[in-house]
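# An overview of the molecular structure
Take a look at the letters that make up each chain.
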Amino acid sequence: MIEIRNLSKRFGSRLALDDVSFVVEAGRVTAFLGPNGAGKTTTMRVLLGLDFADSGQALIDGRRFVDLEAPILSVGALLDARHAHPGRSAFAHLRALALTHGLPQSRVEDVLYDVGLSEVAGKRVGGFSLG
Ligand SMILES: Nc1ncnc2c1ncn2[C@@H]1O[C@H](COP(=O)(O)OP(=O)(O)OP(=O)(O)O)[C@@H](O)[C@H]1O
Ligand SMILES: [Mg+2]
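Numbering of residues starts from 1 in each chain and follows the order in which that chain's sequence is written. Starting at A for chains and at 1 for ligands, labels are handed out in the order in which the entities are written. Given that this is a predicted model, residues contribute local features only at a pLDDT of at least 70 and side-chain atom pairs are listed and counted only at 80 or more, while totals for whole chains, interfaces and linings are drawn from all residues. Values shown for side chains rest on all heavy atoms present in the structure; no hydrogens or waters enter the calculation.

What follows concerns the site of ligand 1. Taken together, the residues surrounding ligand 1 are Phe 11, Arg 14, Ala 16, Pro 35, Asn 36, Gly 37, Ala 38, Gly 39, Lys 40, Thr 41 and Thr 42. In this structure, Arg 14 approaches ligand 1 through a side-chain N or O atom, which is 3.2 Å from an oxygen atom. Contacts to ligand 1 include Asn 36, whose side-chain N or O atom sits 3.2 Å from an oxygen atom. For every accessible area listed, the method is Shrake-Rupley and the probe measures 1.4 Å; residues are considered covered only by the protein chains on display. Taking 630 Å² as the accessible area of ligand 1 by itself, protein coverage stands at 60%. Helix numbering and strand numbering both begin at the N terminus, where a helix is a DSSP run of H or I of at least 4 residues and a strand a DSSP run of E of at least 2. Considering every element that reaches the shell around ligand 1, the biggest residue donor is helix H1 (residues 40-47), with 3 residues. Residues of the shell around ligand 1, tallied by class, amount to 4 nonpolar, 5 polar and 2 charged. Being near a molecule or strand, for a residue, comes down to having at least one heavy atom within 4 Å of it. Think of a polar contact as two N or O atoms within 3.5 Å of one another; within protein, one of them needs to be a possible hydrogen donor and the other a possible acceptor, and neighboring residues in sequence only count if both atoms come from side chains. In this count, Pro and Cys sit with the nonpolar residues alongside Ala, Val, Leu, Ile, Met, Phe, Trp and Tyr, while Asp, Glu, Lys and Arg are called charged and the others, Gly among them, polar.

This is the structure:
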C-alpha cells in the first residue's frame, strides 16, 4: 500500500505540492493523472526518496523508502526511461539488477514475459520507443 499524507513541497517560489493526500491499495492497478506541472513526478520522487518534502509523509507499506532494507524487493519504479543504459539489452539491464540484488535469472524472464517484452529481450534499450 502507498500512503501519501499531507505532502507539501516548494521549489523556491513555486508550490509544487500543496497538502496532497491519497492512498493506493495493494494489488490495485492505479493511474496517477493530472495536467503538466500538477506535481505527479514530484510526488513519485518524494515517494522514492529522490527528493524531500517540506512537510507530510510518503509511505510504502507503512515505511519510508529510505527505511526499506532491500527496496528492490518491494518497489519497482521507472520514472524516466532514459535511466536505462541505451546500449544494454532489456535482458542485460534486468539481469544486472537481479544479480546485484540476489534475485534469480528466472525472475528476469518472468518479468519480461509479464510486460510482453520477451521477443525483444535481446535488443538494445536505446532502440525502444519511450512508450
Ligand atoms: N527541480 C525543480 N525545480 C524547480 N521547480 C520544479 C522542479 N521540479 C518540479 N518543479 C515544478 O514543480 C511543479 C510540479 O512539477 P512536476 O514535474 O512534479 O509535475 P508533473 O505533474 O510531473 O508534470 P508533467 O505532466 O509535465 O510530467 C511544476 O510547476 C514544476 O515546474
Ligand atoms: Mg512528470
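A pair of strands counts as paired when DSSP detects no fewer than two bridges linking them. When strand E1 (residues 2-11) meets strand E2 (residues 14-24), the two strands line up antiparallel, connected through 7 bridges. Bridging from a neighbouring strand, Ile 4 pairs with Phe 22 of E2. Here E1 folds back onto E2, and the loop between the two strands holds 2 residues, one of which, Gly 12, carries a positive phi near 60°.

With that settled, the discussion passes to the domain arrangement of the protein chain. Domain extents, as shown, originate in an automatic or database domain assignment. In terms of domain boundaries, the protein chain breaks down into domain 1 (2-65) and domain 2 (80-127). Each of domain 1 and domain 2 was reduced to a C-alpha centroid, and the two centroids are 27 Å apart.

What follows covers the sheet that holds strand E3 (residues 55-60). On the basis of which strands lie adjacent, the open sheet formed by 3 strands has the order E2-E1-E3 and antiparallel pairing. Whereas interior strands pair on both sides, the edge strands pair on one side only; in this sheet they are E2 and E3. Strand after strand, the sheet turns through a mean of 20° between neighbouring axes, direction not considered. Sheet analysis places E1 next to E3, joined by 5 bridges and oriented antiparallel. Within E3, the residue paired with Arg 5 across the bridge is Gln 57. Here H1 sits on the sheet and contacts E1, E2 and E3; the angle it forms with E1, its principal contact strand, is near 115°. Axis definition: a line fitted to C-alpha atoms, limited for helices to the stretch in contact. Angles are taken between N-to-C directions and run from 0 to 180 degrees. Every residue pair with non-hydrogen atoms within 4.5 Å of one another is taken to be in contact.

Looking at where Gly 27 falls in the secondary structure, it is placed in the loop between E2 and H1. Residue burial is assigned from relative accessible area. The probe radius is 1.4 Å, only protein chains are included, and a residue is buried under 20% of its type maximum, exposed over 50%, and partly exposed in between. Its relative accessible area of 84% is what places Gly 27 among the exposed residues. Each C-alpha atom of the pair Gly 27 and Ala 16 lies 28 Å from the other, and the pair is 11 residues apart in sequence.

In this structure, Asn 6 takes a positive phi of about 50° despite not being glycine. Along the chain, the position of Asn 6 falls in strand E1. Phi is positive for Asp 19, which is not a glycine, with a value near 60°.

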